[in-house]
Amino acid sequence: MKKLILGLFMILVASSYAVPSFVNSKRAEERGYKVVSDSEGSISMQKVEDESATTISYWYGVKNPDAAELNKILKEDASRDLQNKGSLKMGKAYVEKYVDGQNFMYTIVFKNAKPADTLTSVAYYTKKEIPKSELNKYVDKLLAESEKYIK
């Protein structure tokens with residue numbers, strides 16, 4: 001009986017996956033984020049507001065992570081359901097703009113986010129288009145937001 005219980009416990013431990021130690025999920029939850037995906041190699045947290053939604057994802061466990069490659073993968077995935085309206089290479093990030101009819105989604109992959117061996121991306125969904133002249137401010141704001149939840 002003890003072996004059976006121990007075996008079930010070990011299976012449960014092996015099959016469950018905890019939030020990575022570098023992420024402060026409690027702080028994120030206090031600020032309105034909910035963990036929407038937690039799998040080996042990535043975690044995503046989302047906050048939904050009246051006019052927008054923000055999803056922060058941390059990609060970890062890959063040797064020599066490449067922000068350009070992650071941007072390419074996310075672009076291919078998003079382009080299946082959304083219309084791509086352009087790409088921007090900014091100093092801090094790769095930015096893609098999408099439209100799904102009346103709403104806009106911006107995916108941002110940061111080039112030098114913290115921690116160093118982790119890639120950070122943000123999907124920002126909004127009812128209003130962000131003017132190009134203000135996009136840099138949003139990138140800075142979202143980078144700062146994503147770094148608030150790193151220990």
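To keep things clear, this report deals only with the structure shown in the data block. Not measured: the values here are computed from a predicted model. (Residues numbered from 1 in each chain as written. Predicted model: local features only at pLDDT ≥ 70, side-chain atom pairs only at ≥ 80, totals over all residues. Heavy atoms only, no water.)

Relative to the helices and strands, Tyr-60 is located in the loop between β3 (52-59) and α3 (67-78). Remark: the alpha-carbon pair of Tyr-60 and Glu-40, spanning 20 residues in sequence, is separated by 8.5 Å. (Helix = DSSP H or I, 4+ residues; strand = E, 2+ residues; numbered from the N terminus.)

Read across the open sheet, the seven strands follow the order β1-β2-β3-β7-β6-β5-β4; overall the sheet is antiparallel. If you trace the sheet from one side to the other, it starts and ends with β1 (34-39) and β4 (83-89), each paired once. Direction aside, the axes of adjacent strands within the sheet are offset by 15 degrees on average. Here strand β5 (residues 93-99) pairs with strand β6 (residues 104-110) via seven bridges, running antiparallel. Paired with Val-95 across the strands is Ile-108, a residue of β6. In the packing of α3 onto the sheet, contacts are made with β3, β4, β5, β6 and β7 (119-126), and the angle to β5 comes to roughly 5 degrees. (Pairing = 2+ DSSP bridges. Axes fitted to C-alpha atoms, helices over the stretch in contact; angles between N-to-C directions. Contact = heavy atoms within 4.5 Å.)

Let us look at helix α4 (residues 132-147). Compared with an ideal rise of 1.5 Å per residue, which puts 16 residues at 22 Å, α4 spans 23 Å between its outermost C-alpha atoms and is within 8% of the ideal. Those residues of α4 hidden inside the fold are in contact with β3, β4, β5, β6 and β7. (Expected span 1.5 Å × (residues − 1).)

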